[in-house]
Amino acid sequence: MSDPWLFTVDGEMTLRLPSGTYTVESSLVVPGERPDALGLAVLVDPETVLSGDTEVALDARKARLLDTTAPQPSQDRQRKLDYTVTYANGDSFRDAYAVSPRYDDIYVTPTDQVTQGSFTMVNRWRKGEPQLSVDVPGLPPVDVTVQRGSTLTAGQETLPAVYVGTGAAADYATLDVRGKAVVVTRSDAVSAMDRAAAAAAAGAKLLLVVNDGVGVLNESVGPSPIPVAGVRRDAGAQLIELAKTGTLQLITKQVPYASYVYDLTRTYAGQVPDQALSYHPAREDLARIDARYYNVTEAKQGGGYRYDLTFKPSLGIPEREWYPGTRTEWVTPDQVWAESHVQGTWTDVANGHAYAKGSTTRLDWFAPAIRPAFNRAFAVQNSRWRDYMTINVQTWSPSADVLEHGGYLDWGSVPVNMKL
């Protein structure tokens, strides 16, 4: 065609494209499963063959809910949709969605089985022990989402709750909230940081912000010296009415660093089936990891994450961890995982590894390097070619029996003495 990228707008969009095989995709914000829920629908047709005029229909009404749960009470910490299409000529296309916390629900459209090349979609969840639990005696648990910049202090206590309008500083003028939980209604008239600062200045121990719209509240409040959490609109309305009575008591539990996490994947090869996309594994369906994080100096916060290697590079954001510490970690079996952890300038990186269903594995991070060993955790590998030799020595972590991993420190931060 003379102009392959001509767009014509006449009620619909028309594209003139060369004949061939294409992938068509879109994403839409849609209603979620509850009246106050927000959903993200990912619409994909991995194999659209153009040989003449063709109509492509991406129908969000046909999208299926990705319904995934963990065996223990948990919250979504990270979610990802990732897919790759390989075409018959060897070309490939990849797209991925790191799903925002503001979405309650994720939907994917079913696809036809590809007839040429390949199509693989992986759905990934990091779930973990809730950072903040809020219970009202006699009612279901209140589902809350800790806001970025909050400070959490481990422990459990019962707090009286007070309703303070939109949470502006002036709203506290005639109220005594010292040592109490504060419930407010979100408003554009008060910024997230000002709302948090006003509650902390008034002496509140906890701020709960009831969303004024659909979806999960996702704001930056900090740094804030107290926990700030969002509450969904409809559940929050009931909380507000109870707080107004002056008799509301909240049983709260704060967990700054999770004692358990779940790394779960669900992979669809060839097509996304037109059926319920549910994944509700029991513990016996997973692999267990007893992780120990060592620290030979002072206790400190570090960070790390486990990445699925279905596609490379993988997507994910390191999460806060406490060293020394222990954690029980559950993973989808037969999935290749890689992970890395950092404390200060010390990084410990693992090579890819898959765990067997029903297995239990002990992993030691930052442990004494009793048996240093070469491993495949780093991109620079040992090699020799003609007069050139490359040796990548990772002296700061042991390569364990189960998992190859190696550590490194910033050059010059500790004495180094090497002989070849």
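Parameters at a glance
Sequence order as written defines the numbering, with residues in each chain counted from 1. Given that the model is predicted, a residue must reach a pLDDT of at least 70 before its local features are reported, and side-chain atom pairs must reach 80 or more before they are shown or counted; all residues, however, enter totals for whole chains, interfaces and linings. Only heavy atoms go into the side-chain values, all of them from the structure, while hydrogens and water stay out. Strands are runs of DSSP state E lasting at least two residues, helices are runs of H or I lasting at least four, and both sets are numbered from the N terminus onward. A 1.4 Å probe rolled over the protein chains alone gives each residue an accessible area, and that area as a share of the maximum for its type sets the label: buried under 20%, exposed over 50%, partly exposed in between. Residue contacts are defined here by distance: any two heavy atoms, one from each residue, within 4.5 Å place the two residues in contact. Exposure was quantified through the Shrake-Rupley algorithm and a 1.4 Å probe, taking into account, for residues, occlusion by the shown protein chains and nothing else. The definition of a polar contact used here is a pair of N or O atoms within 3.5 Å, where within protein one atom must be able to donate a hydrogen and the other to accept one, and adjacent residues in sequence count solely through side-chain atom pairs. A pair of strands is labelled paired if DSSP reports no fewer than 2 bridges between them. Axis definition: a line fitted to C-alpha atoms, limited for helices to the stretch in contact. Angles are taken between N-to-C directions and run from 0 to 180 degrees. Relevant arc is that of directions from the helix axis to the C-beta atoms, nothing else.

Draft legend 1. Just the overall build of the protein, in detail. A tally of helices and strands in the protein yields two helices and 28 strands. Dimensions along the principal axes, computed over C-alpha positions, put the protein at roughly 80 × 70 × 40 Å. Evaluated residue by residue, the protein yields a buried proportion of 44% over its 420 residues. For the protein, the proportion of contacts with a sequence separation of at least 24, taken over those separated by at least 6, is 70%. Entry remark: accessible area of the protein is about 21,700 Å², with carbon and sulfur atoms responsible for 52%.

Draft legend 2. Seen up close, the side chain of Arg-186. Looking at the secondary structure, you find Arg-186 in the loop between β13 (181-185) and α1 (192-201). The class of Arg-186 is buried, set by a relative accessible area of 17%. Within polar-contact distance, the side chain of Arg-186 engages the side chain of Asp-212 at 3.2 Å. Dropping the residues within four chain positions of it, Arg-186 is found in contact with Arg-195, Val-209, Val-210, Asn-211, Asp-212, Leu-217 and Glu-219.

Draft legend 3. Summary view of the sheet that holds strand β28 (residues 405-408). The strand order across the open sheet formed by five strands is β21-β20-β23-β24-β28, and the pairing between neighbours is antiparallel. In the strand order of this sheet, the two ends are held by β21 (319-323) and β28, each with one partner. Strand-to-strand twist in this sheet, taken as the mean axis angle between neighbours without regard to direction, amounts to 25°. Sheet analysis places strand β23 (residues 337-343) next to strand β24 (residues 346-350), joined by four bridges and oriented antiparallel. In the strand pairing of β24, Ser-340 is matched with Val-349.

Draft legend 4. Region of interest: the sheet that holds strand β19 (residues 287-293). In spatial order, the strands read β7-β6-β9-β17-β22-β19-β25; together these seven strands make up an open sheet with mixed pairing. Of all strands in the sheet, those with a lone pairing partner are β7 (92-98) and β25 (360-365), marking the two edges. Neighbour-to-neighbour, the strand axes of the sheet open up by a mean angle of 15°, direction not taken into account. In the sheet, strand β9 (residues 118-128) pairs with strand β17 (residues 260-269) via nine bridges, with the strands oriented antiparallel. Across the sheet, the residue bridging to Arg-124 is Thr-265, located in β17.

Draft legend 5. Local environment of α1. Among the residues of α1, Ala-192, Arg-195, Ala-196, Ala-198 and Ala-199 are the ones counted as buried. Each buried residue of α1 lies within a common arc of 160° when the element is viewed along its axis, so the set occupies one face. What points out from α1, more than 90 degrees from its buried face, is the exposed set Asp-194 and Ala-201. On its buried face, α1 sits against β13, β14 (206-210) and β15 (228-231). Gly-203 sits one or two positions beyond α1 and adopts a positive phi of about 95°.

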